[in-house]
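An overview of the molecular structure
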Amino acid sequence: MDERDNDLRFLIDLARGRFSRRDALKASGALAAGAALGGGVSIRQLANVSAQDAEPVGEVVWALDAPPPNLIPYGAVSQAAWNGREFFYDSLVMWDQDLNPIPGLAESWEPDESGSYIFHLRKGVKFHNGNEMTAADVKYSMDMAIAPPEPGVAIAVLANITGTDIVDDYTVKINTATVDPTLVGNLAWGRYTAIVPENFYDTSNALSEAVGTGPMKLVEYVQDDVVVMEAFPDFWGDGIPCINKLTLKTLTEEQTRVAALRSGEIDGGTFTADTVMTLEGDDSLTILEGLVSIPNVIQFQTADADVPWRDARVRQAINKVIDRELIRQNVFGGKAELTGAIPPGYGDYPLTPEKLAELYANDVDAAKQLMIDAGFEDGFEVELQAIAAPRSYTQNAEIVSEAVKQLNIDAKVVPLEIGTFGDNNGSGAFQWQATGRGMRGDPSGYVIDFRQGTNQNVTWFGDGYNNEEFNTLYDEALAELDQAARVPMYQRMQEIIAEDAANLYLVQPYKFQAVNNRLTGMYVSFTDTNQGLRMACVTDTE
Amino acid sequence: MSKYILQRLALLVPTLLGMSLLIFAMLRLLPGDVVDIIAGTDGTVSSAAKEKLRDSMGLSDPIPVQYARWIGNLLTGDAGKSLRSGEPIGEILMRALPITIELAILGLFISTIVAIPLGVISAVKRDTAFDFAARIGGLVGLSLPNFWVATLMLLFTSKAFGWTPSIRFIPFTQDPIGNLQQMILPSIALAVPLMAITMRMTRTTMLEVLGQDYVRTANAKGLAPRPVLYRHALKNALIPVITVIGFQLGGLMGSAAVVEVVFGLNGVGNTLLQGIFNRDYPLVQAATLYLAVAFVLINLIVDVLYAWLDPRIKLA
């Protein structure tokens with residue numbers, strides 16, 4: 001065993017609480033020497049090292065703020081649904097923390113001449129039921145993913161997949177109707193493309209059972225209460241899982257999560273910026289923060305004829321009076337970034353902060369002139385619906401409502417419970433809405449709604465917004481397999497959206513999680529999931 | 001008496017029918033449905049796919065058809081399945097019921113054993129410092145919403161003692177001590193407003209009874225103060241108090257929802273609330289009907305108890 005192996009072993013023991021003071025003193029010298037040679041090892045690397053002789057140890061209880069409605073692997077969209085099942089399943093491809101696609105259950109992949117993709121599967125991968133994963137399982141899974149059994153619903157981003165062919169036991173070909181640069185990203189997102197054993201739906205109750213290849217296997221699922229999991233010893237990944245038991249407990253009240261965290265009943269959870277401030281002085285807790293994909297936006301409904309904001313000049317005028325810095329400071333305490341349609345953190349695709357500052361520059365006089373040019377200098381009345389909880393959406397709306405008074409626009413803020421808000425959003429029953437966008441597997445997902453004729457475009461924009469340059473760029477980017485070449489296209493599309501003020505993107509807030517110090521290796525994932533728990537460890541194992 | 005009870009039970013039928021109609025209609029008035037919850041509203045799923053799911057869940061059928069189907073199934077003992085997890089509603093409620101019932105009974109017990117002595121002492125020691133303190137305490141207890149009391153309790157014990165009740169329910173049959181440790185705080189939170197009402201009611205009725213002729217007579221014929229107080233005054237003073245407690249108990253089953261949410265207990269109230277948020281119609285309908293039945297039955301028991309305590313009252 002060389003010195004580096006010793007360092008790694010020490011770090012593993014350190015992370016798992018299996019070290020004594022004497023061990024620490026002995027090893028610290030070796031570590032310091034290693035670090036001096038540039039051989040420092042991060043916790044993340046630690047989680048990825050092979051720990052063949054280390055058993056998973058300790059239990060983690062994590063609080064969810066909404067109950068997972070069920071455990072179905074396919075066709076359940078909500079964030080809560082994904083939070084309940086994310087540790088059971090893997091996809092063919094994964095993302096690293098910077099959203100670069102890396103091998104998952106497929107070791108490698110390449111596009112063929114027709115634009116379809118060949119995936120070479122990892123060998124020796126075991127399902128939780130003990131069976132080995134083969135191409136037949138992948139074909140079954142992909143078939144289920146594109147046409148999910150009810151109550152799953154077909155997911156639009158997988159609509160271009162026409163089927164999956166088995167090439168041999170460890171090779172599959174995923175066929176697409178057209179050349180599809182979004183496929184790898186959507187697989188890496190993993191949310192809709194879990195790999196389950198063949199005939200899973202016939203042999204299991206998919207609503208409340210889970211059989212995957214993930215690091216945790218299901219012990220118990222109680223609706224609206226808990227999901228209990230234990231480490232899967234035959235997990236294909238290296239060095240994980242580190243913890244032996246993981247319980248996801250639904251605690252919808254934030255103050256309950258605060259109390260439970262302080263008393264050690266839970267090891268961590270998600271908190272609002274306001275609450276995190278009250279936890280900052282607690283030495284037993286660590287506050288984690290990070291960007292997640294929730295760009296906040298003011299959305300216009302332009303499908304209705306005769307609404308003043310069908311005129312681009314009206315929307316541009318509104319854009320010029322909204323002070324996004326005020327939103328950043330007053331709503332999020334400075335913990336937010338300017339955002340375009342694609343939020344900062346999403347690889348190379350977002351617009352730079354400088355470009356965004358230029359596009360969002362305030363100019364009240366120019367805004368008033370635009371309103372005069374559009375013939376609306378006397379303003380108008382409008383209803384601005386906002387998501388009631390979390391409060392930040394309503395607060396965004398209040399600031400916007402205040403700002404547009406400068407243009408004689410009377411925007412009445414109406415906070416709505418999420419069910420009502422969502423129903424109005426989906427059916428287009430609104431004038432303006434203060435809302436947020438979620439995570440996407442491919443950048444096209446952030447801008448698709450502005451493409452004339454797409455599903456939500458018809459409901460939200462109708463013939464009230466149409467930009468030919470945008471439409472052309474959108475189509476070209478969807479035919480381009482070279483991801484680097486797609487970057488400037490999506491940046492230009494975002495510029496068009498901001499210049500036309502088709503919707504008004506505001507800011508991208510940071511997400512906060514607080515954890516007990518005993519939990520190490522957790523991080524705020526950009527994908528707005530708790531995937532850090534996959535590689536987290538506990539320093540005491542009681 | 002038995003005729004009266006049968007009459008009251010018969011009245012349960014139209015009451016529940018009315019309730020079921022109300023619940024059914026009100027739920028459908030809420031915008032959105034479970035398909036929106038499953039499919040999201042972010043454009044990830046096409047409208048056609050959502051409609052297909054609605055059709056197969058029977059949510060596209062006319063409302064009267066849906067209602068008739070639900071009532072028909074209910075009459076055969078089938079309360080349906082959760083639209084989210086597919087779990088039979090009966091199983092969900094049987095899991096949730098013991099939590100809510102225990103919470104309600106403990107809440108009632110705590111409030112009663114504290115409030116009645118306080119009310120009696122307050123009445124006997126009228127206009128003393130104790131009386132003023134109890135009355136002010138009662139007023140405060142009445143004014144505090146129990147979600148606030150519950151949250152403060154949790155935050156206080158976590159900050160002061162680094163302790164909060166277990167977030168997973170411990171059945172009494174498995175670990176009685178653990179169960180009581182877990183349930184004591186939520187029960188107190190639930191008991192506080194009820195305690196205040198009962199205490200004030202006891203005080204008022206005791207004062208009234210203590211001024212009655214028969215109490216004066218009892219005192220005049222030389223009975224010791226204690227027998228007068230307990231045998232003559234208290235028993236009569238308790239009749240309206242029991243009515244109030246009974247009414248409160250029915251409400252307690254509902255207001256337990258708030259306490260259950262704060263303490264992360266998965267009782268009927270919390271289940272009902274999550275059902276509403278997720279538009280899980282069969283679950284909400286069944287849970288609400290259960291609460292309605294509980295309310296009506298508790299009122300019936302109170303009425304019977306009332307007659308037993310005061311033979312002058314004839315039930316007919």
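Every value quoted in this text rests on a predicted model; they were computed, and no experiment measured them.

Rules used throughout
Residues numbered from 1 in each chain as written. Chains lettered and ligands numbered in written order. Predicted model: local features only at pLDDT ≥ 70, side-chain atom pairs only at ≥ 80, totals over all residues. Heavy atoms only, no water. Pairing = 2+ DSSP bridges. Helix = DSSP H or I, 4+ residues; strand = E, 2+ residues; numbered from the N terminus. Phe/Tyr/Trp six-rings, centres within 6.5 Å; stacked < 30°, edge-to-face > 60°. Buried < 20%, exposed > 50% of the residue type's maximum accessible area, 1.4 Å probe, protein only. Domains from an automatic or database assignment. Contact = heavy atoms within 4.5 Å. Buried area = accessible area lost by both parts, 1.4 Å probe. Salt bridge = Lys/Arg side-chain N within 4 Å of Asp/Glu carboxyl O. Polar contact = N/O pair within 3.5 Å; in protein donor to acceptor, adjacent residues only side chain to side chain. Expected span 1.5 Å × (residues − 1). Bend = angle between axes of the 7 residues up to and from the residue. Axes fitted to C-alpha atoms, helices over the stretch in contact; angles between N-to-C directions. Left-handed = near helix turned anticlockwise from the far one by under 90°. Parallel < 35°, antiparallel > 145°, perpendicular 65-115°, else oblique. Nonpolar A, V, L, I, M, F, W, Y, C, P; charged D, E, K, R; others polar. Patch = residues over 30% accessible without salt bridge, like charges linked within 9 Å, V, L, I, M, F, W, Y side chains within 5 Å. Areas by Shrake-Rupley, 256 points an atom, 1.4 Å probe, with all protein chains shown as cover.

Residues and elements named next belong to chain A. Read across the sheet, five strands follow the order β16-β15-β17-β13-β18 without closing on themselves; strand pairing throughout is mixed. The open sheet is flanked by β16 (410-416) and β18 (504-505), the only strands paired with a single partner. Sheet topology note: the strand β13 (residues 296-300)/β18 ladder contains two bridges and is antiparallel. Paired with V297 across the bridge in β18 is Y505.

Glancing now at the packing of aromatic side chains. Residues and elements named next belong to chain A. Across all of its chains, the model carries 24 aromatic pairs over all chains by this definition. Centre to centre, the rings of Y346 and Y349 are 6.2 Å apart; their planes meet at 50 degrees, and the pair counts as tilted. As far as the burial class goes, Y346 and Y349 line up, both buried. Ring geometry for F376 and F380: centres 6.1 Å apart, planes at 85 degrees, overall edge-to-face. Residue class for F380 comes out buried when judged on its relative accessible area of 12%. Taken together, F300, W309, F376, F380 and W432 form an aromatic cluster joined through their ring pairs.

Bringing the domain arrangement of chain B into the picture now. All names here are of chain B. Here chain B is described as being made up of domain 1 (2-75) and domain 2 (90-315). Each of domain 1 and domain 2 was reduced to a C-alpha centroid, and the two centroids are 32 Å apart. Listed as interface residues are 22 residues of domain 1 and, on the opposing side, 18 residues of domain 2. For the pair domain 1 and domain 2, the two sides together bury roughly 1,900 Å², of which 76% comes from carbon and sulfur. There are zero salt bridges connecting domain 1 and domain 2. The tally of links from domain 1 across to domain 2 stands at one residue pair in polar contact (both at pLDDT 80 or more).

The interface of chain A with chain B comprises 49 residues on the first partner and 48 residues on the second. Note on chain A versus chain B: buried area summed over both sides is about 3,900 Å², and carbon and sulfur give 53% of it. Its largest share of buried area at the contact with chain B, chain A owes to A:E150, A:Q223 and A:D224, together 15% of the area lost on that side. Run the count over chain A and chain B and you get three salt bridges. Where B:R279 meets A:E417, a salt bridge forms, and the shortest distance between an N and an O atom there is 3.1 Å. When residues of the side of chain A that touches chain B are traced back to their parent elements, those giving at least two are β8 (216-222), β9 (226-231), α8 (254-263), α15 (418-427) and α17 (455-460) of chain A.

Here we take up helix α5 (residues 89-124) of chain B. Under the 1.5 Å per step criterion, the end-to-end length of α5(B) is 51 Å for 36 residues, consistent within 8% with the ideal 52 Å. Taken as a whole, α5(B) carries its principal kink of about 30 degrees at B:A96; the proline B:P98 stands between one and four residues after it.

Here the focus is unusual backbone geometry. All names here are of chain A. Look at the link from E150 to P151: it is a cis peptide, with omega at 10 degrees. Position of P151 among the secondary structure elements: in the loop between α5 (135-146) and β6 (161-168). Positive phi, normally seen in glycine, also occurs at L99, with a value near 65 degrees. Note that L99 resides in the loop between β2 (93-95) and β3 (101-103).

The next subject is the packing of α5(B) against helix α8 (residues 176-210) of chain B. In a pair of packed helices, the angle between the axes and the distance between the axes together describe the arrangement. Across the interface, α5(B) lies against α8(B) with an axial gap of 4 Å and an inter-helix angle of 35 degrees. α8(B) is crossed by α5(B), and the crossing has right-handed handedness.

With that settled, consider the packing of helix α10 (residues 312-321) of chain A against helix α19 (residues 483-500) of chain A. All names here are of chain A. Two elements in contact, α10 and α19, have axes whose closest approach is 8 Å; the angle formed by their N-to-C orientations is 95 degrees. One element, α10, and the other, α19, form an angle in the roughly perpendicular class. Of α19, the residues touching α10 (which contributes A312, R315, Q316 and N319) are A498, E499 and D500. In terms of residue class, the contact of α10 with α19 is made up of two nonpolar, two polar and three charged.

The subject of this paragraph is a nonpolar patch on the surface. All names here are of chain B. On the surface, F147, W148, L152 and V258 cluster together into a nonpolar patch covering about 360 Å² of accessible area. Looking at which element gives the most residues to the nonpolar patch, the answer is helix α7 (residues 146-160), with three residues. When you line up the elements, V258 lands in helix α10 (residues 225-262). Overall, the relative accessible area of 34% leaves V258 in the partly exposed class.

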